Amino acid sequence: MTQASNRAGLAIGFVLFGVLCISLNDMLIKQLSSGYPLHQIVFIRSFIGLLVSFVFLQFEGGWAALRTDQPWLHAMRGVLVVIANMSYFLALAVLPLADATALFFVAPLFITLLSIPLLGEKVGPLRLGAVLVGFIGVVIMQRPWEASDSLSVSRIVLMLPVLAALTYALNQLMTRKLGVKAPASALAIYIQGVFLVVSLGFFVVAGDGRFAANTTNASILFLLRAWVWPAPEDIWVLLGMGVNGALIGYCLSQAYRLADAATVAPFEYIGLPLAVFWGLVIFGDLPSWEVWTGIALILSSGLFVFVRERTKAKTVTKRPVARRH
C-alpha cells in the first residue's frame, strides 16, 4: 500500500470519528438551547476544548508548534468556523435535527466545487454532475413551491444551514493550505481561541439578556438570552461537550491535512443517518418527504463522488502525495 493510500485511510478514519462527535454535539446543543444562551455554551465548550487541545499539542511539537507566519489566515479561518457554527446552531434551535443537518450537508458539495479554483484539484464532469444532483436535493428541502407563510420556519432560518455549509467548506479548504506548517492540534487551538474571544464579546455586549427581553423568536433568544449558572445535571454535559469539541477540531483538522478534500468530504455524509437517529430517539422527530428526498439525493451524489475518486485513483500507477501549500 502506498504512502498516499495510507494517508487517505487515516484521514477517512479521522473524519468518521469527527463526524460522530459532531452528531453528539448537535444533539446536546439542541437539548440545551431552551435554557442557555449560545455564547455561554460556546464559551464553556471552547474553554474545555482549549485545555484538551493543549494536551494534544504536547505530542505534536509542543509550544513551538504554535508559532506561525500566517496569523491573519488563522484568524480568518477561525472567523469562518465561528460563522458556520453560529449560523447552524441558530437554525438548530428551531429546526428538527435531521432537517438542519441535511441542509448543512451541502458543505461537502461546496468543498468539491471550491477545491477546483482554490486548491487546483481536478474534478471531472461526472463528479460535477453528482454535485449538481446534491444541490437539487438541497433545493427540494428548501420547498420553493410553498408560500413563505405556510412554512413552519422562515426562509431565513432555512438558509442559515446553507450559509454555515459555505463558510465551513471555505474553512476546510483553508485547513488544507495551512496544514503544511501547522499540526492539527495547533489548528484546533487557533479556532478555540477565536471562539473564546467571540463568546466573551457576546457576554460583554449581551450577557445580561437585555437584547432578548422583548422577543419570542427562539433563534434570537438562543443567541441573546442572559448567562445563567448551569443546573447540576447539565454541568457534566457541558464539560463533556468541551472534550467533544476538542476532538472535533482535532479530527477534522487532521483529516483535511492528510488527504485531498474531494476524498475526505464524502465521508462526512455519515452525519445524515446519525442526525435522523438522534432526532427520532431523543426528540421524536421524523423527516418529511422533502427531507427524505433531499437526504437520498445528497447521499447518492456523495457516494458517487467517492466511488469515482477511488476508481480514478486505481488507474494511476503512481499517485503523488498532494502538495501542501
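Residues numbered from 1 in each chain as written. Predicted model: local features only at pLDDT ≥ 70, side-chain atom pairs only at ≥ 80, totals over all residues. Heavy atoms only, no water.

(A) Representation of the overall build of the chain within the structure. Along the backbone of the chain there are 13 helices and zero strands. Taken over 325 residues, the chain has a buried fraction of 54%. A separation threshold of at least 6 residues defines the contact pool for the chain, and within that pool the share at least 24 residues apart is 85%. Of the roughly 14,700 Å² of accessible surface on the chain, 72% is carried by carbon and sulfur atoms. (Helix = DSSP H or I, 4+ residues; strand = E, 2+ residues; numbered from the N terminus. Buried < 20%, exposed > 50% of the residue type's maximum accessible area, 1.4 Å probe, protein only. Contact = heavy atoms within 4.5 Å. Areas by Shrake-Rupley, 256 points an atom, 1.4 Å probe, with all protein chains shown as cover.)

(B) Main features of the nonpolar core. With 82 residues, the main nonpolar core has L38, I41, Y88, L95, F104 and F222 as its most contacted residues. If one sorts the elements of this core by residue count, helix 1 (residues 3–32) sits on top with 10 residues. The next biggest cluster of nonpolar side chains, apart from the first, holds nine residues, and it includes L57, A65, A182 and L187. (Core = buried A, V, L, I, M, F, W, Y, C linked by side-chain atoms within 4.5 Å.)

(C) View of helix 6 (residues 125–142). Between the first and last C-alpha of helix 6 there are 26 Å, a value that for 18 residues agrees with the 26 Å anticipated at 1.5 Å per step. Looking one or two places after helix 6, you find R143, whose phi comes out positive at around 50°. (Expected span 1.5 Å × (residues − 1).)

(D) Highlighting the confidence of the model for the chain. Looking at the chain as a whole, the pLDDT averages 83, with 89% of positions reaching at least 70. Between residues 316–325, whose pLDDT stays under 50, and residues either more than four places distant or in other chains, the model counts 18 contacts. (pLDDT = per-residue confidence, 0-100.)

(E) How the structure looks around the environment of S87. Relative to the elements of secondary structure, S87 occurs in helix 3 (residues 71–92). On the accessibility criterion, S87 (7% relative accessible area) is buried. A C-alpha to C-alpha distance of 9.0 Å links S87 and M159, two positions 72 residues apart in sequence. Beyond its immediate chain neighbours, meaning those up to four positions away, S87 contacts L160, L163 and A164. In this structure the side chain of S87 is engaged in a polar contact, spanning 2.8 Å, whose partner is the backbone oxygen of I83. (Polar contact = N/O pair within 3.5 Å; in protein donor to acceptor, adjacent residues only side chain to side chain.)

(F) Main features of helix 5 (residues 107–119). Its maximal kink placed at L113, helix 5 deviates by approximately 30°, while the proline P117 follows within four residues. Listed in full, the buried residues belonging to helix 5 are A107, P108, L109, F110, I111, T112, S115 and L119. Phi turns positive one or two residues past the end of helix 5, at G120, with a value near 75°. (Bend = angle between axes of the 7 residues up to and from the residue.)

(G) Here's a closer look at a nonpolar patch on the surface. Residues F277, L280, V281, I282, L286 and W292 make up a contiguous nonpolar surface patch of about 580 Å² in total accessible area. It is helix 12 (residues 271–283) that provides the largest number of residues to the nonpolar patch, a total of four residues. In this fold, V281 is placed in helix 12. (Patch = residues over 30% accessible without salt bridge, like charges linked within 9 Å, V, L, I, M, F, W, Y side chains within 5 Å. Salt bridge = Lys/Arg side-chain N within 4 Å of Asp/Glu carboxyl O.)

(H) Representation of the pattern of salt bridges within the structure. What the rule picks out here adds up to two salt bridges. In this structure, R143 engages E290 in a salt bridge whose closest nitrogen and oxygen atoms are separated by 3.7 Å. Taken as a pair, R143 in the loop between helix 6 and helix 7 (155–178) and E290 in helix 13 (residues 289–314) lie far apart in primary sequence, 147 residues in all. Of the residues examined, R143 reaches a relative accessible area of 13% and is grouped as buried. Using a relative accessible area of 6% as the deciding quantity, one classes E290 as buried. With a closest N to O distance of 2.8 Å, D208 and R210 form a salt bridge.

(I) Expanded view of the environment of I111. Relative to the assigned elements, I111 resides in helix 5. Judged by relative accessible area, which is 0%, I111 ranks as buried. Measuring from C-alpha to C-alpha, the distance between I111 and L170 comes to 7.2 Å, with 59 residues separating the pair along the chain.

(J) Representation of the packing of helix 5 against helix 6. For the pair helix 5 and helix 6, interaxial distance at closest approach is 9 Å and the crossing angle is 140°. Comparing the axis directions of helix 5 and helix 6 gives the class oblique. Where helix 5 crosses over helix 6, the handedness of that crossing is left-handed. Contacts between helix 5 and helix 6 involve L109, F110, T112, L113 and I116 from the former and L128, V131, G134 and F135 from the latter. Here the contact of helix 5 with helix 6 is composed, by residue class, of seven nonpolar, two polar and no charged. (Axes fitted to C-alpha atoms, helices over the stretch in contact; angles between N-to-C directions. Parallel < 35°, antiparallel > 145°, perpendicular 65-115°, else oblique. Left-handed = near helix turned anticlockwise from the far one by under 90°. Nonpolar A, V, L, I, M, F, W, Y, C, P; charged D, E, K, R; others polar.)

(K) Quick look at the packing of aromatic side chains. Under the criterion given, the structure shown has 13 aromatic pairs. Each ring, one from F43 and one from F47, has its centre 6.3 Å from the other, and the planes form 15°; the classification is stacked. Within this pair, F43 and its partner F47 are both found in helix 2 (residues 38–57), separated by four residues, close to a single helical turn. Classification of F43 as partly exposed rests on a relative accessible area of 21%. Since its relative accessible area comes to 40%, F47 is described here as partly exposed. Between W145 and W289 the ring centres are 5.9 Å apart and the planes differ by 15°, which places this aromatic pair in the stacked class. Taken together, the residues W145 in the loop between helix 6 and helix 7 and W289 in helix 13 connect sequence positions 144 residues apart. In this structure W145 comes out as partly exposed when scored by relative accessible area, which is 49%. (Phe/Tyr/Trp six-rings, centres within 6.5 Å; stacked < 30°, edge-to-face > 60°.)

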